[in-house]
Amino acid sequence: MLSALTAATILMLAPPADDARRGDGPFAQRGYYITFMRMPTYDLADWRRIVDAIANDGGNTLVLWVAGAFRSRKFPITWAYNEEHENVRNDFVRDLVDRAHTRGIRVLLGFTPFGYDGVNQYPLEHPETRAVGKDGRPVGKGGIGCWGYNLCPSRPESQRFLLEYIREMAFDFYPNADGLLIESSDYAICHCPDCGPHFFEKEFAFVKRISDEVWAKKPDATIVVYPHYFSGAEVPGLGVRAARQPFDPRWTLFFTPHSAHLDPALIKRARSSLWWDDSPALRRPQDIKAGALRARSAGVTGYVPSLEAFSFVATVAEEGQEWLKGRRQVPLGFGWLKAGEPPYFELPMRVNRIAYREFSRDPDLAFERYRSILGNEVFGTTATKQAVDDLLEVQATFADGRTWCQPSPLVCPDRVRAMASQGKLTPEKRAEYRAGLERIRQIEARHRNPKSDGEKELHRIAQWVVEQWRDEGKLLAPKAP
Ligand SMILES: [Zn+2]
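Scoring rules and cut-offs
Residues numbered from 1 in each chain as written. Predicted model: local features only at pLDDT ≥ 70, side-chain atom pairs only at ≥ 80, totals over all residues. Heavy atoms only, no water. Domains from an automatic or database assignment. Helix = DSSP H or I, 4+ residues; strand = E, 2+ residues; numbered from the N terminus. Buried < 20%, exposed > 50% of the residue type's maximum accessible area, 1.4 Å probe, protein only. Contact = heavy atoms within 4.5 Å. Polar contact = N/O pair within 3.5 Å; in protein donor to acceptor, adjacent residues only side chain to side chain. Donors = N, O, S within 2.8 Å, 3.2 Å for Na, K, Ca; no water. Core = buried A, V, L, I, M, F, W, Y, C linked by side-chain atoms within 4.5 Å. Phe/Tyr/Trp six-rings, centres within 6.5 Å; stacked < 30°, edge-to-face > 60°. Salt bridge = Lys/Arg side-chain N within 4 Å of Asp/Glu carboxyl O. Expected span 1.5 Å × (residues − 1).

1. Points about the domain arrangement of the protein
Point 1. One can read the domain layout of the protein as domain 1 (26-276) and domain 2 (363-475).
Point 2. For domain 1 and domain 2, the distance between their C-alpha centres works out to 35 Å.

Spelled out as structure tokens, the structure:
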């Protein structure tokens, strides 16, 4: 039977040319946020492909988190933990930025002032810069991938270090980049007597100074900052209010669902503003559509969500999970990839990239229409409703329950084993996973004689999932009552 979908896809064979996809729709800034520093295994050739893919997705903006992943001459402690990173071994980000420019993409260098990757290593050698926790004692270690201490911005040495480190990144290493993302920490601040309720004023001193220095050299630079210095509002999760400092309309604002709530009055005053969420990295195409709709209704000028995938070796129990320790992170849960193979070209991620391309250009695009575009691009003229259903099911299998550091349970028996040992593998969960695995088995069986490269890929991935459970079936077996 010929489905209605097949007829529809035949009418819209070729996707629009690159240029036709760009600069249109409700967002002036489109693209992705990528934690480059947590992806040590990819070299310049890989990143050139990734940048090309971003351009093909309609992107003109790449937030590239580089702190901790360049070979600082002044502060080698910032990358000592990340010595295996390809850009630490053989510096290439300047070339990558040049490449991005040839594809019309502006690159913003990401870092966190006084915390997170690279920066949080400094207190290992300079303990006087270590922040103070709510209990009045020096903070413990924290982070993702790069574990260290966040810094107290009231300490002159913290300010000096951060300024010199970021100057080195922005002016000495990558002067061709287009600006900065100054990502205020979402997990910790300093509670010492000098910081306390004034923490964001102290952080702002750095933000203002580095912004002025960057704009002095490059008046058109995009400097993305959090609203925490201007709004006076409660900062989510940190128990302290934002500062009320003067807002320079040259700044671009950054908003997220978890750490920086939308502020309509500030958005109106800024030259531009970006909405971030985790949907392309962690969720389904439906969530990407919802994210684009939310960004548009908020009146921001850009939608730049996460495309984060990790490939570092965990040295601590990330997310409290001992079983991850000593293992290389599996990017997006795609366990078939070799260490140096980027995950963004694999079928489940293509589903989300196509969703981002389409919904960021037109958040109102009907989901059915997206399905037909997806079917056409992956299966060509052999697309059927069933094949698209199966493709979305496989994508969901990798997304459901995945966290930043853990593959989804259904593609990772080790995770399910850990859940069992933690008493979290309830009978309901086992039943849910058995049903999911059965659906994947049916997909594997349905596509054994593929009629397109896309269908061949779909089959290969379904088969890979089934294979993971070959000797592990008893983990999911219903327990005797
Ligand atoms: Zn402090």
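Moving on from the model shown.
2. Let's talk about the environment of P193
Point 1. Residue placement: P193 occurs in the loop between β6 (179-182) and α9 (199-217).
Point 2. For the pair formed by P193 and G136, sequence separation is 57 residues and the distance between their alpha carbons is 8.8 Å.

3. Quick notes on the environment of E346
Point 1. Relative to the helices and strands, E346 is located in the loop between β10 (302-303) and α13 (347-361).
Point 2. With a relative accessible area of 13%, E346 lands in the buried category.
Point 3. Measuring from C-alpha to C-alpha, the distance between E346 and E164 comes to 39 Å, with 182 residues separating the pair along the chain.
Point 4. When residues no more than four places from it in sequence are discounted, the contact partners of E346 are F334, W336, L337, E457 and R460.
Point 5. There is a polar contact of 3.3 Å between the side chain of E346 and the side chain of R460.

4. Examining the coordination of the zinc ion
Angles at a metal have ideal values that depend on geometry: 109.5 degrees with four tetrahedral donors, 90 or 180 degrees with six octahedral donors.
Point 1. Those donors, C152 (SG), C190 (SG), C192 (SG) and C195 (SG), are the protein atoms that reach the zinc ion, and they lie 2.2 to 2.4 Å from it.
Point 2. Counting the intervening residues between successive donors of the zinc ion yields the motif C-x37-C-x1-C-x2-C. With a gap of 43 residues between them, C152 in the loop between β5 (146-148) and α8 (156-173) and C195 in the loop between β6 and α9 connect regions that are remote in the sequence.
Point 3. The exposure class assigned to C195 is buried, which follows from its relative accessible area of 0%.

5. Concerning the nonpolar core
Point 1. If you look at the biggest cluster of nonpolar residues, it comprises 155 residues, and the most contacted ones within it are I34, W47, L180, F206 and Y370.
Point 2. Here this core gets nine residues from one element, more than from any other, and that element is α8.
Point 3. Split by domain, this core shows at least three residues from each of two domains, domain 1 (26-276) and domain 2 (363-475).
Point 4. When residues no more than four places from it in sequence are discounted, the contact partners of W47 are I34, F36, M39, Y42, L64, F92 and L96.

6. Some words on the packing of aromatic side chains
Point 1. Under the defined criterion, the tally for this structure stands at 39 aromatic pairs.
Point 2. Ring plane angle 45° and centroid distance 6.1 Å describe the contact between F247 and W251, whose orientation is recorded as tilted. Residue F247 shares its accessibility class with W251, and that shared class is buried.
Point 3. Taken together, F199, F200, F204, W215, Y229, F230, F247 and W251 form an aromatic cluster joined through their ring pairs.

7. Focus: the pattern of salt bridges
Point 1. Scanning all chains against the criterion turns up 34 salt bridges.
Point 2. With a closest N to O distance of 2.6 Å, R361 and E358 form a salt bridge. With R361 and E358 both in helix α13 and three residues apart, this pair spans about one turn of that helix.
Point 3. Residue classification places E358 among the buried residues on the basis of a relative accessible area of 3%.

8. A word on helix α3 (residues 44-56)
Point 1. With 13 residues, α3 extends 18 Å from end C-alpha to end C-alpha; this agrees with the ideal 18 Å at 1.5 Å per step.
Point 2. All of the buried residues along α3 are D46, W47, I50, V51, D52, A53, I54 and A55.
Point 3. Summarising the contacts, the buried residues of α3 are in contact with β1 (29-34), β2 (61-65), α6 (93-102) and α13.
Point 4. In the segment just after α3, G58 is the residue with positive phi, at about 90°.

9. Looking at the side chain of T256
Point 1. Tracing the sequence through the fold places T256 in the loop between β8 (252-255) and α10 (264-269).
Point 2. A polar contact is formed between the side chain of T256 and the side chain of S259, at a distance of 2.7 Å.
Point 3. Other than its neighbours up to four places away in sequence, T256 contacts Y226, H261, W275 and W276.

10. Let's talk about α13
Point 1. The end-to-end C-alpha distance of α13, which contains 15 residues, comes to 21 Å, matching closely the 21 Å that a straight helix rising 1.5 Å per residue would cover.
Point 2. The element α13 is extensively covered by neighbouring structure, given that 14 of its 15 residues are classed as buried.

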